[in-house]
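If you want the building blocks of each chain, they are given just below.
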Amino acid sequence: MIRQGRIQVDGRTVTAPEEKIDETCAVISVDGGTISNFGASYYMMDKPGGVVTATEDRTEKTVMDLLPSNLWRLRLFPVGRLDKDTTGLLLLTNDGDFAHQIISPKSHVQKSYVAKVDGIPDEADVRAFRDGVVLKDGTVCLPAGLEIDGTDTCRVILQEGKYHQVKRMLAARGKPVLQLRRVSIGGLQLDETLSPGSIRALSEEERQLALVKLPL
Ligand code: URA
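No experiment lies behind these values; they were computed from the predicted model shown.

> How do you make sense of the overall build of the protein when you look at a structure like this?
Across its full length, the protein holds 4 helices and 13 strands. Its C-alpha atoms give the protein principal-axis dimensions of about 75 × 35 × 30 Å. Classification of the 216 residues of the protein by burial places 44% in the buried group. A total accessible area of about 11600 Å² is found for the protein, and carbon and sulfur atoms account for 51% of it. With 28 positive and 30 negative side-chain charges, the protein shows a spacing of 3 Å between the two charge centroids.

> Is there a simple way to explain the site of the ligand in this structure?
Within the structure, the ligand sits among L82, D83, T86, Y113, H164, Q165, V166, K167 and L180. Considered on its own, the ligand offers 240 Å² of accessible surface; in the complex 96% of this is hidden by protein. Considering every element that reaches the shell around the ligand, the biggest residue donor is helix α3 (residues 165-172), with 3 residues.

> Honestly, the state of the cysteines in this entry has me stumped. Any pointers?
Two cysteines, two sulfur atoms, one covalent bond between them: this is a disulfide. Summed over all chains, the structure comprises 0 disulfides. Cysteine C141 shares no disulfide, and the gap to the nearest cysteine sulfur, in C154, comes to 14 Å. By relative accessible area, C141 is classed as buried at 4%.

> So what exactly am I meant to see when it comes to the side chain of T62 here?
In this structure, T62 sits in the loop between β5 (42-47) and β6 (77-78). Accessibility expressed as a relative area gives 2% for T62, which makes it buried. A polar atom in the side chain of T62 sits 3.1 Å from the backbone nitrogen of M64. If sequence neighbours within four positions are ignored, T62 has contacts with V51, V52, A54, T55, E56 and D57.

> Please clarify how the nonpolar core should be interpreted in this entry.
For soluble globular proteins, the rule of thumb is that nonpolar side chains tend to be buried together. L92, F129, V156, V166, M169 and L170 are the most contacted members of the largest nonpolar core, which has 32 residues in total. Elements with a minimum of two residues in this core: β5, β7 (87-93), β8 (111-117), α2 (123-131), β10 (153-158), α3 and β11 (177-185). Leaving out residues up to four positions away in the same chain, F129 has contacts with L142, P143, A144, G145, L146, V156, M169, L170 and R173. Judged by nonpolar contacts, the second largest core, of 16 residues, contains Y42, V79, I102 and L211.

> Please clarify how the environment of G32 should be interpreted in this entry.
Tracing the backbone shows G32 in the loop between β3 (28-30) and β4 (33-36). For G32 and V183, which are 151 residues apart along the polypeptide, the C-alpha to C-alpha distance reads 44 Å.

> Would you explain the pattern of salt bridges in this entry?
All told, the structure shown has 15 salt bridges when counted by the stated rule. Put simply, R181 and D46 hold a salt bridge, and the shortest N to O gap is 2.9 Å. Pair noted here: R181 is in strand β11 and D46 is in strand β5, with a separation of 135 residues, a long-range link. Given the relative accessible area of 21%, R181 is considered partly exposed. We classify D46 as buried; its relative accessible area is 4%.

> Mind showing me how you'd approach the packing of aromatic side chains here?
Two aromatic rings are characterised by how far apart their centres lie and by the angle between their planes. What the rule picks out here adds up to 1 aromatic pair. Taken together, a centroid distance of 4.9 Å and an interplanar angle of 75° make the contact between Y42 and F98 edge-to-face. One end of the pair, Y42, is in strand β5; the other, F98, is in helix α1 (residues 96-103), and 56 residues separate them in sequence. Accessibility assignment for this pair places Y42 and F98 in one class, buried. Lying across the ring of Y42, R207 places its NZ or CZ 5.2 Å from the centre.

> Before we go on, may I ask you to explain α3 in this structure?
Note: α-helices contain 3.6 residues per turn, so residues at a spacing of three or four share the same orientation. All of the buried residues along α3 are Q165, V166, M169 and L170. In an axial view of α3, the angular spread of the buried residues amounts to 120°, which keeps them on one side of the axis. Buried residues along α3 sit against β8, α2, β10 and β11.

> Is there a simple way to think about the pairing of β5 in this case?
Within a regular strand, side chains alternate between the sheet's two faces. Among the 6 residues that make up β5, 6 are buried, leaving the element largely enclosed by the rest of the structure. Note: β5 against β7, 6 bridges, orientation antiparallel. Residue pairing in the sheet places M45 in a bridge with L90 of β7.

What counts, and where the lines are drawn
- Residues numbered from 1 in each chain as written.
- Predicted model: local features only at pLDDT ≥ 70, side-chain atom pairs only at ≥ 80, totals over all residues.
- Heavy atoms only, no water.
- Helix = DSSP H or I, 4+ residues; strand = E, 2+ residues; numbered from the N terminus.
- Buried < 20%, exposed > 50% of the residue type's maximum accessible area, 1.4 Å probe, protein only.
- Areas by Shrake-Rupley, 256 points an atom, 1.4 Å probe, with all protein chains shown as cover.
- Lys, Arg positive; Asp, Glu negative; His and termini not counted.
- Charge placed at Lys NZ, Arg CZ, Asp CG, Glu CD.
- Near = heavy atom within 4 Å.
- Disulfide = S-S within 2.5 Å.
- Polar contact = N/O pair within 3.5 Å; in protein donor to acceptor, adjacent residues only side chain to side chain.
- Contact = heavy atoms within 4.5 Å.
- Core = buried A, V, L, I, M, F, W, Y, C linked by side-chain atoms within 4.5 Å.
- Salt bridge = Lys/Arg side-chain N within 4 Å of Asp/Glu carboxyl O.
- Phe/Tyr/Trp six-rings, centres within 6.5 Å; stacked < 30°, edge-to-face > 60°.
- Lys NZ or Arg CZ within 6 Å of the ring centre and 35° of its normal.
- Arc of directions from axis to C-beta.
- Pairing = 2+ DSSP bridges.

Any functional reading would require information beyond the geometric quantities listed.
Below, the structure written as structure tokens:
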């Protein structure tokens, strides 16, 4: 069919059967009819600091500005939000249901973060996290995990996603956050071989891992 000129990739007739295409985003047509747009797409990014998590912004650079041009047509959007100075695991998709399952407050999909703080988290902080931290404005948080290693870094495991939640929880404990990095969503870990700002597709297994609900 390629030799007969019946196959188009992204609207262009291909003539060489050996031509390589990016099957994650190519639109393939036979005799002018699309046979695959490969449906929904799922990516992870190691979000760098200094960019905002938004699809567009008048003044700030966004995570979308970091996407390679061959992915623009997928209409990806970020799943949830990381602060401008927060780094680490950010999912991007064009699947609204998937995004909703990850970020809905009712879904209880865990997100975990490594935080460097001003202070040394202790057992009293661990208990407070387990009982539900009361933020400075009186908001009560759901029980959360806090793992300490005796230094100024700790791991925070949340099952909800309030605005600036990790920073506000640790500030409420008198340990303001200096650096924050998200390292997992559900059972999916950030691929630490990604360089900051780069992106790669998730495997189907990884996509499902992101939805796994783990006990705290
Ligand atoms: N909590 C925060 O405070 N900031 C983030 O970016 C994510 C969680």
